[in-house]
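# Overview (structure and organization)
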Amino acid sequence: MDQQHQLKIEAARAALKYIEDDQIIGIGTGSTVNCFIELLKDHTHRIKGAVSSSVVSTQRLEALGIEVIDLNDAAEIPVYVDGTDESNHNLELIKGGGGALSREKIIAAVADTFVCIADQSKYVETLGDFPLPIEVLPMARSYVARELVKLGGDPVYRHGFVTDNGNIILDVHNMEITQAKILEEKINQITGVVTNGLFATRPADHLILATNKGIQEYSK
């Protein structure tokens, strides 16, 4: 097992303290979340159900015998656990490397507490080294790309990828993101954009970061 994967497991294990008995929990998508789901196998008796952000996570949860519930049927989501592609000191995030950003953003908006789990490589001073994913309606791809260029980005079509919602992804390179909330709002105003991978208007409440020196936790 490589060191980075071990750190992901440690971050996932540290998030278990946020899971309380007989609750419906929100579950995100990605390699670190996969570690968290695997750890849930010893806690399935405590979990009332889960709301999942992707087909892949749903399949993993159901394989453990955890009931996956439609968000519309969940009265509340006390805690949502998800990973990130980047996080800054304000707990603003870039997410969507796996393409599940829209569903992730919806669950994060509903959740009382958003717990982000990551290894030390995801913590950055300034967002933007990781290309910013934008979910776009297919017919608007070229128009949205032109508008993103006006904002200073270099959008690249993610070939061969379709989101669980049936849309496409533009990954925006070469953007140094110093005002994440403002940029998030500007991009979401472009006609044809479903949403973008900036989680700044609704950042994480807690960031659990696994490092070579142990677990570090940051809170809003």
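Relevant structure appears above.
Residues numbered from 1 in each chain as written. Predicted model: local features only at pLDDT ≥ 70, side-chain atom pairs only at ≥ 80, totals over all residues. Heavy atoms only, no water.

### A closer look at the pairing of strand β9 (residues 168–173)
Every regular strand shows the same layout, with side chains that alternate between the two sheet faces. In terms of burial, β9 is largely enclosed, as 5 of its 6 residues are buried. Pairing geometry for strand β7 (residues 132–136) and β9, over 5 bridges, is antiparallel. In the sheet register, Leu 132 faces β9, and the bridge partner there is Val 172. Alignment of strand β8 (residues 154–157) against β9, held across 4 bridges, turns out to be antiparallel. Across the sheet, residue Pro 155 finds its bridge partner in β9, namely Val 172. (Buried < 20%, exposed > 50% of the residue type's maximum accessible area, 1.4 Å probe, protein only. Helix = DSSP H or I, 4+ residues; strand = E, 2+ residues; numbered from the N terminus. Pairing = 2+ DSSP bridges.)

### With respect to the sheet that holds strand β12 (residues 206–211)
The 6 strands lie next to each other as β2-β1-β3-β6-β12-β13, forming an open sheet whose pairing is mixed. Both outer strands of the open sheet, β2 (47–52) and β13 (214–219), are each paired with one neighbouring strand and no more. Direction aside, the axes of adjacent strands within the sheet are offset by 20 degrees on average. Bridge analysis of strand β3 (residues 79–82) against strand β6 (residues 113–119) gives 4 bridges, and the strand direction is parallel. Each bridged residue has a counterpart across the sheet, and for Val 79 the counterpart in β6 is Thr 113. Along the sheet, helix α4 (residues 101–110) contacts β1 (23–27), β2, β3 and β6; its crossing angle with β3, the most-contacted strand, is approximately 150 degrees. (Axes fitted to C-alpha atoms, helices over the stretch in contact; angles between N-to-C directions. Contact = heavy atoms within 4.5 Å.)

### Some remarks on the nonpolar core
Formed by 27 residues in total, the largest nonpolar core has its most connected members in Ile 25, Ile 27, Phe 36, Leu 40, Val 115, Ile 117 and Ile 208. Only α1 (3–14), β1, α2 (31–39), β2, β3, β6 and β12 provide two or more residues apiece to this core. Not counting chain neighbours up to four residues away, the residues in contact with Phe 36 comprise Ala 12, Ala 15, Leu 16, Ile 19, Ile 27, Val 81 and Ile 117. The next biggest cluster of nonpolar side chains, apart from the first, holds 22 residues, and it includes Ile 94, Ala 140, Ala 180 and Ile 187. (Core = buried A, V, L, I, M, F, W, Y, C linked by side-chain atoms within 4.5 Å.)

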